[in-house]
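A closer look at the structure
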Amino acid sequence: MGLWYKWFYFPYISFRKYLILNHFHFFSVSELPPIPSTSRISFAELSVRQRMREKLKAARVRIPQKSCVIDLSLIRNTHFILLALCCVNLSWDIYFFISEFQDDFPSEEEAYNFFTFNFDAVAEKMKTGSRKKNGLNEEEEVEEEDEQEEDEMLQDILHGFLLSSNVSLVPASEKMPRNRQPRYLEDEGLYTGERPFVSQSNQNILENRILRQDQGKEWFGDDGKILALPNPIKQSSTRPPIFSLEEGIAPELETVYRKAIKMTSTNQYFVGPGDFQGLFQLDIDISGLIFTHHPCFSREHVLAAKLAQLYDQYLARKQKNLTKLLTDKLHALRSAVQYSMEGGGGDGVPVAQQSIPEYKMEIRQTRRLRDAEQEKDRTLLKTIIKVWKQIKSLRDFQKFTNTPMKLYLRKEEVDQKSDEKAYEAEIQAEINELLEECMEEYEKKMEEYKTELHDWKSWKKTQSKKKKKKDTHAEEESEDHDFGEERIKPIPPKMANSLEIEQQVREKADSCRRKPGEPILVPELTLSGSITPTEQCPRAEVLRREDVKKRSAFIKVLFNSKEVSRTVTRPISSDFRVHFGQIFNLQIINWPESLKLQIYETTGISSTTLLAEVFLPVPETAVLTGSAPLEEIEFSSDQRVMLDHEGVGSGVSFSFEADGSNKMTFMTSGKVSSSVSWAVGEKGIPLIPPVAQQNTGIPSALKNIDAIASIGTSGLTDMKKLAKWAAEAKLDPNDPNNAALMQLIMISTSGEAHVPDFFRLEQLQQEFNFVSDEEFNRSKRFRLLQLRSEEVAEFRNYKQVPLHEREISEKIFQDYEKRVQERDVIDSKNYLDAHRAVVASYLQKVRESVIKRFLTAKHHFILSDLVNEEEIPGLGSEGPGILGLGLFKLAEPKRPLRPRRKERKKVTAQNLSDGDIKLLVNIIRAYDIPVRKSVMSKLQQPSKSSRSFNEMFAASPSAQSPPNSPDWAFNQVLVRPFVEVSFQRTVCRTTTAEGPSPCWNEELELPFRYAPNGDYSTHSLQSVKDEVFINVFDEVLHDAVEDDRERGSGIHTRIERHWLGCVKIPFTTIYFQARIDGTFKVNIPPVLLGYSKEKSVGMERGFDSVRNLSEGSYITLFITIEPQLIPGESVREKMNEMLKKFDTQEDEKLLQAAEKYEAECTSKFPSRQCLTTVIDLDGKTVFITRYIKPLNPPQELLDAVPDRSQTAELVARYVALIPFLPDSVSFAGICDLWSTSDQFLYLLAGDEEEHAVLLCNYFLGMGKKAWLVIGNAIPEGPTAYVLTLEQSQYVIWNPSTGCFYGQYDTFCPLQNVYCLISCDNIWFNMQEYDSPGRMYFDISKPKLWKPFFSRSLPFPGLRSIQVLMDLTVVISLSYCRIEKILKDKIMEWRPTRPTRWNRYCTSTLRNFLPLLEQNQGKDVEDDHQAELQKQLGDYRVSGFPIHMPYSEVRPLIEAVHSTRVHTIDVSNVEFALAAYIHAYPQNVLSIWIYVASLVRNR
Amino acid sequence: MYRRWGGRIWGGFGDLGDFADREPHEEKRSAAPGKFGRCAVPSVTTATGAPAMAAPSVFLLAVSGEIESGEFPGFDDLYCKFSFVYGQDWVPTAGLEEGISQITSKSSVSPTTLVWNFPIDITFKSTNPFGWPQIVLSVYGPDFFGHDVVRGYGAVHVPFVPGRHKRTIAMFVPESTSRLQQLTSWFTGRRPEFTDPKVVAQGEGREVTRVRSQGFVTVSFNVMTKDLHKLGYDVGQGPGPQGLQGL
């Protein structure tokens, strides 16, 4: 029961006169209109107040109607009134309470009772129970009887204006006519339909109410129910329910993002998107503006304007010369009449006879016209003279001249006599004619008169007869008089007086014709008068002139009521002309709706007022530029301007008279001279848009006249259409204007000329061709030029295309043609299996498409490409700093005492040429180079060459024992290493140092020689695939003395070099990094025959023990390029920008959030890269977390090792075995494209991020905690690693090598950590340091790691784009082919010496390789040594296995070449080479090549 | 819907398009619309030449002359750099491709002109008139604080017609992108410059820059060509006598 109360305290007013209850107001919204019923009840005989109190107390009226109603009652009393407002209970019953209390405030008890009162829903309870429960008033019990009575009374009162409804069920018999049983149609099998649901109680109320009316039974049907139609309401709502995602916003009001759709407009003025034909052009020529009235006009100006207007009129009339024309016509007619009267009359030609009256009529008409014209001419002349006189008098009066107007009246003397004669003759002729006319008229009138007279006479007679009768019937007379009127005797017409006529004619001639002998006045208006200079003018005039000078005008051109251009603002000249002389070319794509000019006037500097708007007619399609005449369009403004100087203002009455009479009012008005025409395009085609809907565009009348308007310009070439139009328009075939057209149509319709059915594109092309197409295609020179301009890679930088055909050799195209042909042919020669060939060609295609995209981007410049500009000094940021700091810099000493390192000047790559670029490699030192092992000493110590993953983290690192043989110290020299750097087959080497930790500190300079195609532009440098090989060799000196006798006299030693290891750095890395500085792990083969790692050496030394925590040998390098090249950052950014424009499937909100997040992060740590979105292979932007999804590693790997922890290593190795292919190489450094893991596994090529994603996914699939790390590593630069949490320690995995490092590992290549990415979030490193050893990896702390998805932006559940893929079966490959290729290569590299192959050794080595694969290159070294020794006996063997992931043959060859095994030039050297391929799932191949050289010991 | 064109007085974007027309006019005359890169073919009209001489395979263009003077109101102590920009088919055979002049100051004799009288002398050989050489000038001088700043860039094609020509090149400098940058660049003396002065000889990418004109440089050229006519390229009659055409 929902209840609420409101208290209204009215201040106590003790006016007794308001004791009467005034109104009850009931507002019942539901079923009745508000009835502001007023009941005035006066109970004068009672103590009114008392009674009312009783009544109100009882007025607990229940209105039991079903309604959602607010009943508002207002009962006024002079005293305090408590109003309890409506309370609506659940059953929608409405209670209405009024409580009234005594004169004073309610007592506490009363108040309590009121509030604790239980309002019950049930009516009966209310009625009976309320009285008992309610102890509102103690009087109640006393006056119960009385109350009952009053209650009824009140009910009656209420019934007066309210229906109290009965809810009780109406018996069926009442509803039916008597003696009739209800009949149910449905039971009889008829369809009745479903009735709308109405609750039973409502039905009852309605029925009761209806029955109360007269004839209420009509409303009931046969079945005793109220008549009703079937339910029209649908079962389910048609409008779908709206669910709101956002809180607080009503679902209907929520805004929904929709991608913008190109509107396919229904507007008739739009040319549909399909038939867009380019831009059309409308030329609007606005030549000038002349004011015919302007507020600044002086009186003289007004007159002058008037004069000019009159003169214009005069000129126009003169040109038409209507008077002369009419006079001539008159003469001709007269002579014709004369002729027919005289000569023709004799012949008796009836035609001529008939035409005489016609002629006469014509003469009369013509004369009248001529007279009118003559009169006009004369008055015009008179007015001109009058105005001119006014001007003259005004000039005299005001003593200055404002206008240069001067009117000359030229007198043309005429011969007095002949003139007089002609005049007289004319008058006579006229008189005669008039006389004749009068005579005719007279005769006619006479006739009329006669008939009338006759009538009258007859009437008179009858009248007199009647009179006689009337005498007898006196009483009728009076009536008769009323009836018949006295007829007036017709007056005989007067004979025209010839004298009178003559006088008339002469008078008229006097007034409108020149008097004979009077000279002909020809007015000539010139602008030759001089204007009084301003100094000589009175002050008011000076002010006026100054005001005019301040004013200027311009015109806006509005196309479809949008401003498209405006003229320059030109000052209004003193003669109120404005010259613009501008032509606006409007390029439009649709038929114009309206063209409008708005004339604006500016006064002074500020105010601009719109004077008037002029609509220009849209030109017809035949109106083309060049032929359109200038038209003057008048305009006027209703502006009221009053000026305080000589200017007359506008809309203000003024007068020329001194007394102010004869007032005149002028409005600002003028003329715009302009023309609108269609432009003619380059090819002479008018640029006219097709009229979209012809029936709306041009009225059909016009269509008939103008062929172009009717069928469009293009239709002109269509003969059939043209002919059809000609037939419809009913062209006059005899009109010479149409002759050409008609002939054409005749020919075309008669079919004599063949109208082609085809349509030819560029039919004029042939005329522009300077050579025929065959010749063009045949010419090698043209082909070369064409290819060069298309920027085909081979020809992009071709210089000096020869002038003559014969100088171009066929060879130039060979490479190109071969490439084009082979694009689709999969060549499996370089690939061992077909799959790889397919993948390679696929990659090639992707590359080409990306490069094409890039080339288009290259022609798209941004400002920084062209202009070098200082950066905007940001506030508080690094860089130039705030402006203030910049100023401090000015005061800095020019040569500071402690100079800081300055950035080298960067060189744009385009200025470079061959040999300009050098690669500087600084070899500093190396650690832990393997040392030689004496062949004889059989060291069988179980030296642990590597620690397992488990040991590393579980056990303490110092657990290693140094089981050293004592004799190492006594060996002569451990190792004599030197470093050889090779780049682009240029080789440079350092000097030889000694010992396992040598220090060279040498700088090597390598020239950069082969830029691709001689192109040194940024993008071509980025795509350089060459690598820098840094090889560490051991220089071994052998005694070469053949003869012992010579030993005393000379030293003969032979130098042998033994490869120990290498570091490979791609050129692109150096290029992007600008410099590479750091310590790198040397890639040392797992087995180095004849060498071993002396780890124990360092164990005692303090410093190195730290170093030795890690495995392997290290070399410290510094590499840079001289001069420093600008990596194509801008190009990349631009490309990224371009790529971002490609479509994305990400939510717009997410992208915005990502952008914001990136901006926030980079503003705090500008050097740290924040990665939120990446671009997938399709060029779409994808949110990065979508790449992370747990994936199960291949089952084979899981099964291989029982130990879980070793599985991780195995998985890492598997991932590392997928060949590495940097994106920057494949896609020319344009952008990082991220492929998903399945794409990666299919392509079997990818760079760091693909490896990292796959490894991370596998780790997650294995149930590890793993994250993707975006960071910076050496030598890769920006890269992606994987971080796992193992036994509360964080482990960093290098996915492209499979190596792993502890968090605090000094040799960890990962230098900086920027962000971590998991499958559902991104964390940005907010810590001060970003090197892994100095930071915390606890991502739960938002202070250290800023999460992307947080409480404010929860993770929306982005679906991963990774797809589960079935790993395909293993393909085993024969290694023989690789062996053969490599052997051939080695022999090729040794062209001068014989290369012998040791078969024994080869087969032994071949046996080793599977073992190596099995153990992943661990713990086998010594076995090999021993085994070989056993097999071969007295040989000095140096060799090593090379392990590589397999992608294609070329890198294998490169790797073998870089080891320089082939360079041994001992005469009796023998070689051994074995290869082994181990296949992992999904065709991931691990390849081993064992190379060895053998020299027989003597 | 429509595009506003500035009328005849303002070229609007149409002017930028003119850069496309900056190829030699032979090109324009003969190039087929729609097909790119069709260059005029030398018709084999060696009939006029001596039969004994082998038909030439290149033509030569010798340009001499000088960068005479400049007019830079409000600036003084300027020097001038020049360089030639030419197409891929052109090779300079003799002479200086780039040069830098002395610093010159205004004098009371001619208070408006800065005279350099810097000689240029270069010979090109080419197989294709496409990419006809342009001279690119850039003028530098000290600003209020003594920083060396650029005072103008400008370029003009070497005239085709043999004879003596005088060209006045309007010079311009790139504008700062914002007022603030204008102010700071004024303070620091690092005004916006083109990444490469040769930018002014190319039309591509110019639409992203804003420049302000800053003065004029007058250059005189003496142009001689060899074999141009023999190879079928007609450049019309020069102002000089016929004899100039042969080298």
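What counts, and where the lines are drawn
Residues numbered from 1 in each chain as written. Chains lettered and ligands numbered in written order. Predicted model: local features only at pLDDT ≥ 70, side-chain atom pairs only at ≥ 80, totals over all residues. Heavy atoms only, no water. Pairing = 2+ DSSP bridges. Helix = DSSP H or I, 4+ residues; strand = E, 2+ residues; numbered from the N terminus. UniProt positions renumbered as here; feature names shortened; annotations may be inferred. Axes fitted to C-alpha atoms, helices over the stretch in contact; angles between N-to-C directions. Parallel < 35°, antiparallel > 145°, perpendicular 65-115°, else oblique. Left-handed = near helix turned anticlockwise from the far one by under 90°. Contact = heavy atoms within 4.5 Å. Buried < 20%, exposed > 50% of the residue type's maximum accessible area, 1.4 Å probe, protein only. Polar contact = N/O pair within 3.5 Å; in protein donor to acceptor, adjacent residues only side chain to side chain. Core = buried A, V, L, I, M, F, W, Y, C linked by side-chain atoms within 4.5 Å. Expected span 1.5 Å × (residues − 1). Arc of directions from axis to C-beta. Salt bridge = Lys/Arg side-chain N within 4 Å of Asp/Glu carboxyl O. 1 Å grid on protein atoms, 1.4 Å probe; cavity = no way out; pocket = protein on both sides within 12 Å on 5 of 7 lines; lining within 4 Å. Points joined across faces, edges and corners; volume = space filled by probe spheres on them. Nonpolar A, V, L, I, M, F, W, Y, C, P; charged D, E, K, R; others polar. Patch = residues over 30% accessible without salt bridge, like charges linked within 9 Å, V, L, I, M, F, W, Y side chains within 5 Å. Areas by Shrake-Rupley, 256 points an atom, 1.4 Å probe, with all protein chains shown as cover. Lys, Arg positive; Asp, Glu negative; His and termini not counted. Charge placed at Lys NZ, Arg CZ, Asp CG, Glu CD. Phe/Tyr/Trp six-rings, centres within 6.5 Å; stacked < 30°, edge-to-face > 60°. Lys NZ or Arg CZ within 6 Å of the ring centre and 35° of its normal.

What to know about the pairing of strand β8 (residues 562–566) of chain A
Residue and element names in this part refer to chain A.
- Pairing geometry for strand β7 (residues 551–559) and β8, over four bridges, is antiparallel. Paired with K556 across the two strands is R566, which belongs to β8.
- Between β7 and β8, which pair antiparallel and follow one another directly, the connecting turn spans two residues, one of which, N560, has a positive phi of 50°.

Digging into the UniProt feature "coiled-coil region" (unreviewed entry) in chain A
- Mapped onto the present numbering, the UniProt feature "coiled-coil region" (unreviewed entry) falls at residues 424–459 of chain A.
- Between the C-alpha atoms that bound residues 424–459 of chain A the distance is 50 Å, and the span itself is 100% helix and 0% strand.

Regarding the packing of helix α39 (residues 1376–1389) of chain A against helix α42 (residues 1449–1459) of chain A
Residues and elements named next belong to chain A.
- Orientation of α39 relative to α42, taken along the N-to-C sense of each, is 45°, at an axis distance of 11 Å. In terms of their interaxial angle, α39 and α42 are classed as oblique. The hand of the α39/α42 crossing is right-handed. Contacts between α39 and α42 involve I1378, I1381, L1382, K1385, I1386 and W1389 from the former and V1449, L1452, I1453, V1456 and H1457 from the latter.

Examining helix α22 (residues 780–789) of chain A
Residues and elements named next belong to chain A.
- A large share of α22 lies buried, amounting to seven of its 10 residues.
- All of the buried residues along α22 are K780, R781, F782, L784, L785, L787 and R788.
- In this structure S779 caps α22, since a side-chain oxygen of it lies 3.2 Å from the backbone nitrogen of R781.

Let's talk about the sheet that holds strand β21 (residues 986–989) of chain A
All names here are of chain A.
- Read across the sheet, four strands follow the order β21-β20-β23-β24 without closing on themselves; strand pairing throughout is antiparallel. A single partner strand is all that each edge strand has here, and the edge strands are β21 and β24 (1053–1066). On average, each strand axis in the sheet is inclined to that of its neighbour by 25°, with strand direction left out of account.
- Pairing geometry for strand β23 (residues 1027–1039) and β24, over 13 bridges, is antiparallel.

Some details on the nonpolar core
All names here are of chain A.
- Membership of the largest hydrophobic core comes to 71 residues, with the highest contact counts inside it found for I923, V981, I1030, I1115 and I1489.
- In contact with I1030, not counting residues within four places along its chain, are I923, V979, E980, V981, G1061, C1062, V1063, I1065, I1115, L1117 and I1119.
- Residues F1165, L1171, L1260 and A1266 belong to the second largest nonpolar core, which totals 57 residues.

Structural notes on helix α33 (residues 1148–1164) of chain A
Residue and element names in this part refer to chain A.
- Given a rise of 1.5 Å per residue, 17 residues ought to cover 24 Å, and the 25 Å separating the end C-alpha atoms of α33 matches this to within 8%.
- Every buried residue of α33 is listed here: L1150, L1151, A1153, A1154, Y1157 and C1161. Take α33 and look down its axis: the buried residues cluster within an arc of 160°, on one side only. Turned more than 90 degrees from where α33 packs its buried face, K1149, Q1152, E1155, K1156 and S1163 sit exposed.
- Structurally, α33 contributes buried residues whose contacts are with β28 (1173–1176), β29 (1181–1183), β36 (1322–1325) and β37 (1345–1347).

Quick look at the pattern of salt bridges
Residues and elements named next belong to chain A.
- Here the structure, examined in full by the defined rule, presents 33 salt bridges over all chains.
- Ionic pairing is found between E994 and R976, a salt bridge with its closest N-O pair at 2.8 Å. Of this pair, E994 sits in the loop between β21 and β22 (999–1007) while R976 is found in the loop between α27 (949–954) and β20 (977–983), placing the two residues 18 residues apart along the sequence.
- Each of R317, E373, K376 and D377 takes part in a single network of salt bridges with overlapping partners.

A closer look at the sheet that holds strand β40 (residues 1470–1480) of chain A
All names here are of chain A.
- Within the open sheet, the four strands sit side by side as β38-β40-β41-β39. Their pairing is mixed. Only two strands of the sheet have a single partner each, and these edge strands are β38 (1396–1397) and β39 (1435–1445).
- Note that β39 and strand β41 (residues 1484–1496) share 11 bridges and pair antiparallel. For F1440, the partnering residue across the bridge sits in β41 and is V1491.
- Here helix α40 (residues 1399–1415) sits on the sheet in contact with β38, β39, β40 and β41, set at roughly 30° to β40.

Observations regarding the environment of A:S982
Residues and elements named next belong to chain A.
- When you line up the elements, S982 lands in strand β20.
- Classification of S982 as buried rests on a relative accessible area of 11%.
- C-alpha of S982 to C-alpha of I1030: the two residues are 48 residues apart in sequence and 6.6 Å apart in space.
- Not counting chain neighbours up to four residues away, the residues in contact with S982 comprise V987, E1027, V1028, F1029 and N1031.

Some remarks on empty space enclosed by the protein
Residue and element names in this part refer to chain A.
- Per the counting criterion, the structure on display carries 10 cavities of 30 Å³ or more.
- For the second largest cavity, the calculated volume is near 90 Å³.
- Taken together, 14 residues line the second largest cavity, and the ones lying closest to its centre are H1058, W1059, S1438, G1439 and F1440.
- Considering only residue class, the lining of the second largest cavity consists of seven nonpolar, five polar and two charged.

Focus on the environment of A:Q800
- With respect to the helices and strands, A:Q800 occurs in the loop between α22 and α23 (811–822).
- Judged by its relative accessible area of 19%, A:Q800 falls in the buried class.
- A:Q800 has contacts with B:Q88, B:D89, B:W90, B:V91, B:K125, B:S126 and B:T127, leaving out every residue within four places of it along the chain.
- In terms of polar contacts, A:Q800 uses its side chain to reach the backbone carbonyl oxygen of B:K125, at 3.5 Å.

Examining a negative patch on the surface
- Judged by side-chain charge, A:E443, A:E447, A:E448, A:E452 and A:D455 come together as a negatively charged surface patch.
- Inspection of the secondary structure assignment puts A:E447 in helix α11 (residues 416–472).

Observations regarding a nonpolar patch on the surface
All names here are of chain B.
- Judged by side-chain polarity, F144, F145 and W186 come together as a nonpolar surface patch covering roughly 350 Å² of accessible area.
- Here F145 shows up in the loop between β7 (134–142) and β8 (148–157).
- Using a relative accessible area of 36% as the deciding quantity, one classes F145 as partly exposed.

With respect to the packing of aromatic side chains
- Tallied over the entire structure, the rule returns 42 aromatic pairs over all chains.
- Geometrically, the ring pair formed by A:Y311 and A:Y314 is stacked, given 6.1 Å between the ring centres and 25° between the ring planes. Linking A:Y311 with A:Y314, this pair stays in helix α8 (residues 299–320), spanning three residues, or about one helical turn. Of the two residues examined, A:Y311 and A:Y314, each falls in the buried class.
- Both rings, one in B:Y79 and one in B:Y140, keep their centres 5.6 Å apart while their planes meet at 25°; by these two values the pair is stacked. In this pair, B:Y79 sits in strand β3 (residues 79–85) while B:Y140 sits in strand β7, placing the two residues 61 residues apart along the sequence. As far as the burial class goes, B:Y79 and B:Y140 line up, both buried.
- One aromatic cluster is present, built from ring pairs that chain together B:F59, B:F82, B:F84, B:Y86, B:W90, B:F118, B:F124, B:W132, B:F160 and B:Y233.
- We note A:R1168 situated over the ring of A:F1165; from NZ or CZ to the ring centre the distance is 4.0 Å.
- Positioned over the ring face of B:F75 is B:R151, at 3.9 Å from the centre of the ring.

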